[in-house]
Amino acid sequence: MIELKNIVKTFIGKGNDIHAVRGVDLTIEDGEIFGIIGYSGAGKSTLVRLINQLETQTSGEIYIEGEEISHLSPSALRKKRMKIGMIFQHFNLLWSRTVAGNIELPLEIAGVDKEHRKARVQELIQLVGLVGRENAYPSELSGGQKQRVGIARALANNPSILLCDEATSALDPETTDSILELLNDINQKLGITIVMITHQLEVVQKICHRIAVMSEGEVVETGSVQEVFENPKHAVTKRFIQSIDGTNIEELKKDLKKAYPYGQIFRLTFSSNNSDKPILAEVMRKIDLPISIVDSNIHHTRTGPIGSMYVHVSAGSSSEYDRLVELLKEYKVKVEVI
């Protein structure tokens, strides 16, 4: 478990201090994939560097597996860091070393004997899907292959935690998906805790169990991916969700009201538990109302699809509208009257 308690990080400048992290409290459970998302300058990369103590906090406490790491001696901290792997946006590979050589490097530093190093490198090459590329140099690899080397290198010392700082930001969408699938596979096979730092909501929605949203150094919202997508509370979170499909929810509501000035418009929100069921069709069989779908969007998460739908009821009485809402809620659909 990773626990952050009232973490503050202030960079002291000449008359202009930078408050990068402001009073952050977070708990990341063992074996989960946890996303930390925010726009540039939100403080998320600083936060991840505090977890492995590449930066030290101005105040607050960080516990990893029950141990407060800022109190460790330099030698004890180095030992602790061996169990915290890290992968980066720009790979950080040694261009003079082959794939195998890059993966082997942390094992050399750790003093592992040559026979065990070679065996471990082969295990990792198999795990990340680079069989046949052992002797290639970074200049001969695609972006996705370079990141696979970075992942293998980060796993060399059998870490219990893997920190990913914008690990897919330099990749195209198809390659991003393949890297996310690999990380998900590693999480399931090894039970490793993964912390994803990203500004891409598409990344956290596909792979993460829970997320924290950061803005101006603060965590402004946390929850499961489903909870945050279904009911975003903070303005920054709402901007992220709207950015996925380019839809401004408030503007859409205004446009729909103008387009359908008569009758009633409802916003229906579906969860992963009911989004694959023919709920609207079943409801329409139970109530005689002219219902049409006027807008919808679906997002796919690791727990299943979630999304919203806007429906227009062109005619009906108040009691019929109430009955419609009642029926939809029986199917666990959240209903908002527009």
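Coordinates for the structure precede this section.
Residues numbered from 1 in each chain as written. Predicted model: local features only at pLDDT ≥ 70, side-chain atom pairs only at ≥ 80, totals over all residues. Heavy atoms only, no water.

Undergrad: Would you take a moment to explain the nonpolar core for this structure?
TA: Across soluble globular proteins, nonpolar side chains have a tendency to be buried as a group. Among the nonpolar cores identified, the biggest contains 48 residues, and Ile151, Leu162, Leu183 and Met196 are the most heavily contacted of them. If sequence neighbours within four positions are ignored, Met196 has contacts with Ile33, Phe34, Gly35, Ile36, Cys164, Leu180, Leu183, Val203 and Cys208. If you look at the next biggest cluster of nonpolar residues, it comprises 26 residues, including Ile36, Ala42, Ile69 and Val195. (Core = buried A, V, L, I, M, F, W, Y, C linked by side-chain atoms within 4.5 Å. Buried < 20%, exposed > 50% of the residue type's maximum accessible area, 1.4 Å probe, protein only. Contact = heavy atoms within 4.5 Å.)

Undergrad: Explain empty space enclosed by the protein here, please?
TA: Within this structure, the stated rule accounts for 1 cavity of 30 Å³ or more. Empty space within the largest cavity amounts to approximately 40 Å³. Lining the largest cavity, in full, are Ile37, Leu201, Ile211, Val213, Val228, Phe229, Thr237, Phe240 and Ile241. Elements that contribute at least two residues to the lining of the largest cavity include exactly strand 9 (210-215), helix 8 (225-230) and helix 9 (235-245). Taken together, the residues that form the lining of the largest cavity break down as 8 nonpolar, 1 polar and no charged. (1 Å grid on protein atoms, 1.4 Å probe; cavity = no way out; pocket = protein on both sides within 12 Å on 5 of 7 lines; lining within 4 Å. Points joined across faces, edges and corners; volume = space filled by probe spheres on them. Helix = DSSP H or I, 4+ residues; strand = E, 2+ residues; numbered from the N terminus. Nonpolar A, V, L, I, M, F, W, Y, C, P; charged D, E, K, R; others polar.)

Undergrad: Teacher, can you tell me more about the sheet that holds strand 2 (residues 18-28) here?
TA: Think of a sheet as strands paired side by side through backbone hydrogen bonds, with each pair either parallel or antiparallel. The 4 strands lie next to each other as 2-1-4-5, forming an open sheet whose pairing is antiparallel. Edge positions in the sheet fall to strand 2 and strand 5 (67-68), since each of these pairs with one other strand and no more. The pairing of strand 4 (residues 59-64) with strand 5 spans 2 bridges and is antiparallel. When the sheet's bridge partners are listed, Tyr63 is paired in strand 5 with Glu68. Where helix 1 (residues 44-51) meets the sheet, its contacts fall on strand 1 (2-11), strand 2 and strand 4, and the angle it forms with strand 1 comes to roughly 120°. (Pairing = 2+ DSSP bridges. Axes fitted to C-alpha atoms, helices over the stretch in contact; angles between N-to-C directions.)

Undergrad: For this particular structure, what's the right way to read the sheet that holds strand 3 (residues 33-38)?
TA: Spatial strand order, 6-7-8-3-9-10: 6 strands in an open sheet with mixed pairing. The open sheet has two edge strands, strand 6 (84-88) and strand 10 (218-224), and neither has a second partner. Strand after strand, the sheet turns through a mean of 15° between neighbouring axes, direction not considered. In this sheet, strand 8 (residues 193-198) lies alongside strand 3 in parallel orientation, the contact comprising 5 bridges. The partner of Phe34 across the bridge, within strand 8, is Val195. Its contacts with the sheet put helix 5 (residues 143-154) on strand 6 and strand 7 (161-165), and the angle it makes with strand 6 is roughly 165°.

Undergrad: Help me understand helix 3 (residues 99-109), please; the structure alone is not making it clear to me.
TA: Count 3.6 residues to each turn of an α-helix, and residues three or four apart come out pointing the same way. Counting buried positions over the 11 residues of helix 3 gives 8, a clear majority of the element. Of all the positions in helix 3, only Val99, Ala100, Gly101, Asn102, Ile103, Glu104, Pro106 and Leu107 are classed as buried. The inward-facing, buried residues of helix 3 contact helix 4 (114-128) and helix 5. Note on helix 3: the residue one or two positions beyond its end, Gly111, has a positive phi of about 80°.

Undergrad: Would you take a moment to explain the pairing of strand 10 for this structure?
TA: The side chains of a regular strand alternate between the sheet's two faces. Here 6 bridges tie strand 9 to strand 10, and the two strands are oriented antiparallel to one another. Within the sheet, the bridge partner assigned to Val213 lies in strand 10 and is Glu221. As consecutive antiparallel partners, strand 9 and strand 10 are separated by 2 residues, and within that stretch Glu216 has a phi angle of approximately 50°, a positive value.

Undergrad: Before we go on, may I ask you to explain the packing of aromatic side chains in this structure?
TA: Two aromatic rings, taken as a pair, are described by how far apart their centres are and by the angle between their planes. The final tally for this structure, using the stated rule, is 2 aromatic pairs. Relative to Tyr321, the ring of Phe266 lies with its centre 6.1 Å away and its plane at 70°, an arrangement referred to as edge-to-face. In this pair, Phe266 sits in strand 11 (residues 264-270) while Tyr321 sits in helix 12 (residues 318-330), placing the two residues 55 residues apart along the sequence. Note on Phe266: relative accessible area 1%, which makes it buried. (Phe/Tyr/Trp six-rings, centres within 6.5 Å; stacked < 30°, edge-to-face > 60°.)

Undergrad: How should I be thinking about the pattern of salt bridges in this particular structure?
TA: Two side chains carrying opposite charge are able to pair once their charged atoms lie near each other. Here the structure, examined in full by the defined rule, presents 13 salt bridges. Here Glu67 and Lys80 are joined by a salt bridge, their closest N and O atoms 3.1 Å apart. One end of the pair, Glu67, is in strand 5; the other, Lys80, is in helix 2 (residues 74-81), and 13 residues separate them in sequence. One salt bridge in this structure joins Glu108 and Arg97, with 3.0 Å as the shortest N-O distance. Of the two residues, Glu108 is situated in helix 3 and Arg97 in the loop between strand 6 and helix 3; the sequence distance between them amounts to 11 residues. Take Glu108: its relative accessible area is 30%, and that puts it in the partly exposed class. (Salt bridge = Lys/Arg side-chain N within 4 Å of Asp/Glu carboxyl O.)

Undergrad: Would you explain the packing of helix 3 against helix 5 in this entry?
TA: Helices that pack against each other are described as a pair by the angle of their axes relative to one another and the distance between those axes. Where helix 3 meets helix 5, the axes come as close as 8 Å, and the angle between the chain directions of the two elements is 30°. When the axis of helix 3 is compared with that of helix 5, the two are roughly parallel. Where helix 3 crosses over helix 5, the two elements pack in a sense that is right-handed. On helix 5, the residues touching Val99, Asn102, Ile103 and Pro106 of helix 3 are Val149, Ala152 and Arg153. In the contact of helix 3 with helix 5, the residues fall into 5 nonpolar, 1 polar and 1 charged. (Parallel < 35°, antiparallel > 145°, perpendicular 65-115°, else oblique. Left-handed = near helix turned anticlockwise from the far one by under 90°.)

Undergrad: Teacher, can you tell me more about the packing of helix 5 against helix 6 (residues 173-190) here?
TA: Between helix 5 and helix 6, the shortest axis-to-axis distance is 10 Å and the interhelical angle comes to 20°. The orientation of helix 5 with respect to helix 6, classified from their angle, is roughly parallel. For the element pair helix 5 and helix 6, the recorded crossing hand is right-handed. Within the contact between the two elements, helix 5 uses Gly144, Gln147, Arg148 and Ile151 and helix 6 uses Thr175, Ser178, Ile179, Leu182, Leu183 and Ile186. Class assignment for the residues of the contact of helix 5 with helix 6 results in 5 nonpolar, 4 polar and 1 charged.

Any functional reading would require information that these geometric values do not contain.
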